[in-house]
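# Coordinate inspection notes
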Amino acid sequence: MTVTDAPAALPATAARTAEFISLTHLNPSTELQHQASRGIDLPYFRRYVRSLEDGGYDYTLLPYASVSADPYVLGGAVAALTENVKPIIAVRPNLGHPLVAAQKLATLDQVSEGRAVVHIISGGSDAEQARHGDYLSKDERYARTEEFISLLRRGWHDTEPFSHDGTYYKIDDFGPGFRPYGDTIPVSIGGSSDAAFEVGGRQADIFSFWGEPLADIAAQIERIHALADAAGRPRQRIWVTFRPIIAETDELAWQKAYRYADRLAANTQAGKAAIQRFLGQESPQNVGAQRALEFASRADVYDRALWTRTAAATGGTGASTALVGSPETVAAAILDYVDLGADLVSIRGYDTLNDAIDYGRYVIPLVKQELAHREQTGQRGTLQADHLGAYGADFPQVAGIA
Ligand SMILES: Cc1cc2nc3c(=O)[nH]c(=O)nc-3n(C[C@H](O)[C@H](O)[C@H](O)COP(=O)(O)O)c2cc1C
């Protein structure tokens, strides 16, 4: 069966809702066009965050690196600048005591009236971890993550003082801790190694992926949900991440995509020494990035609109796979992932602020419209059948690869 004769009935895996995530940019510098900055350009940051609110985004990630701005402080600023956007705080367990992290996150949750989310980063590079004095192996880092998360939750939920004597933490007579605004704070885990799955299966409320081909994401979702079932826990919400490249038509979007890939490759080449220093080695140690590079080595285009040349051009660091096409094609491609059960969709462009505004105007409403139609009728709308992208017979001409 091809997508053109896909039934109107929805697959059993389809998520009924989808929420949108961005990544918080602090200044106008981008991977396409580097610009010198002291770090936070307040008017830009304010505008970026407000454009997320106006565009109907639900979350924004405050990422973490050893040289980055502090995500807790930025999360407080996001909460103050918006009414609805939920700050997702990237937390590396090596950077502080879990009960201190619990208290900071609960504070953010109260000051934002229940909007805090935590994204636990176990660390994908030994060299990067060593910059903050963390010398554990990756498997040990994930074991520490598991203990860290269980202590976060005890800090939020336990109603009596407790003591703890574990592998990584010893605590006497703590609590009860400072409570979140609501019942709890969602805990997300990012990672694709076996250890990430093991810990995520037992502990995560949300499990996050970079944008991979549909068949691979389907297998990953099945794997993490089977681990949740085995642990007797609710199945995780699934977060997938893309860097969409959109234009008025598919044809224009592909022209733009090739221009972007050339610029990204040139800028990556120019910044190669700095990137290698950051990674600590030639190729990435984290499995998510290794997978992105492997997909890129096998094919340029997957499924309806997934493009890997951006991953190849940037060495697979961070979110690097694109969705290319008109807003309709990209929205249809996002729905392909929603059909697999992904209900948290991270979309962040290469032209950061303009893209955030454009996605809010042209992509997010199409996905929401389709989901509203499904809710009312129990059937698929026509968007996916009408905008075939790379499934279409004319695709080689459209993408200029005939
Ligand atoms: C959606 C998403 C967001 C991420 N954000 C960060 C981040 O802000 N900082 C960071 O160091 N790693 C980040 N990572 C990377 C992984 O969490 C990290 O490399 C992982 O701990 C180890 O990777 P592995 O299990 O795939 O080998 C992110 C990963 C994903 C999927």
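Criteria and thresholds
Residues numbered from 1 in each chain as written. Predicted model: local features only at pLDDT ≥ 70, side-chain atom pairs only at ≥ 80, totals over all residues. Helix = DSSP H or I, 4+ residues; strand = E, 2+ residues; numbered from the N terminus. Buried ≥ 20, exposed ≤ 12 C-beta atoms within 10 Å, placed from the backbone. Contact = placed C-beta atoms within 7 Å. Axes fitted to C-alpha atoms, helices over the stretch in contact; angles between N-to-C directions. Parallel < 35°, antiparallel > 145°, perpendicular 65-115°, else oblique. Left-handed = near helix turned anticlockwise from the far one by under 90°. Nonpolar A, V, L, I, M, F, W, Y, C, P; charged D, E, K, R; others polar. Pairing = 2+ DSSP bridges. Right-handed = clockwise from strand over helix to strand, strands pointing away. Expected span 1.5 Å × (residues − 1).

In the annotation of an unreviewed UniProt entry, the entry for the chain reads LLM class flavin-dependent oxidoreductase, and the organism field reads Aeromicrobium alkaliterrae.

### Regarding the overall build of the chain
Helix and strand counts for the chain stand at 15 helices and 14 strands. Overall, the C-alpha framework of the chain stretches about 65 × 50 × 40 Å when taken along its three principal axes. Out of the 402 residues in the chain, the part that is buried amounts to 46%. Considering only intrachain contacts with a sequence separation of at least 6, the fraction spanning at least 24 residues in the chain is 74%.

### With respect to the packing of helix α6 (residues 194–203) against helix α7 (residues 214–231)
Interaxial distance between α6 and α7 falls to 7 Å at its minimum, and their mutual angle equals 50°. One finds that α6 runs oblique with respect to α7. For the pair α6 and α7, the sense of crossing is right-handed. Across from F197, G200, G201 and R202 in α6, the residues of α7 making contact are R223, I224, L227, A228, A230 and A231. Classifying every residue of the contact of α6 with α7 by side-chain character gives 6 nonpolar, 2 polar and 2 charged.

### Section: the sheet that holds strand β10 (residues 245–246)
A sheet is described by the order of its strands in space; here 4 strands give the open sequence β10-β13-β12-β11, paired in mixed fashion. Looking along the sheet, the strands with just one partner apiece sit at the ends: β10 and β11 (301–302). Taken together, the 2 bridges between β11 and strand β12 (residues 306–307) define a ladder with antiparallel strand orientation. Bridging across to β12, V301 finds its partner in W307. Each of β10, β12 and β13 (322–325) is contacted by helix α8 (residues 250–270), which is oriented at about 140° to β13, the strand it contacts most.

### Things to note about α6
Since one α-helical turn is 3.6 residues long, residues separated by three or four positions face the same way. Counting buried positions over the 10 residues of α6 gives 7, a clear majority of the element. For α6, the complete set of buried residues consists of A195, A196, F197, V199, G200, G201 and Q203. Along its buried surface, α6 packs onto α5 (138–157), β7 (187–190), β8 (206–210) and α7.

### As for the sheet that holds strand β1 (residues 19–23)
If you trace the 8 strands once around the closed barrel, you get β1-β2-β3-β4-β7-β8-β9-β14, paired in parallel fashion. On average, each strand axis in the sheet is tilted by 25° relative to the strand beside it, whichever way the strands run. Across 4 bridges, the pairing between strand β4 (residues 117–121) and β7 is parallel. Bridge pairing links I120 to I189 in β7.

### Focus: the pairing of strand β9 (residues 237–242)
Counting buried positions along β9 gives 5 out of 6 residues, so the element sits mostly inside the fold. Sheet analysis places β8 next to β9, joined by 5 bridges and oriented parallel. Of the residues in β9, the one forming a bridge with W210 is T241. Each parallel crossover has a hand, and for β8 linked through α7 to β9 it is right-handed. Direction of pairing for β9 relative to strand β14 (residues 342–347): parallel, over a ladder of 5 bridges. In the sheet register, F242 faces β14, and the bridge partner there is I347.

### Overview of helix α12 (residues 327–340)
Taking 1.5 Å of rise per residue, the 14 residues of α12 would be expected to cover 20 Å, and the 20 Å separating its terminal C-alpha atoms lies within 8% of that figure. By the criterion of burial, α12 is predominantly enclosed, with 12 of the 14 residues buried. Among all positions in α12, only P327, T329, V330, A331, A332, A333, I334, L335, D336, Y337, V338 and L340 are buried. Trailing α12 by a residue or two, G341 shows a phi angle of about 115°, which is positive.

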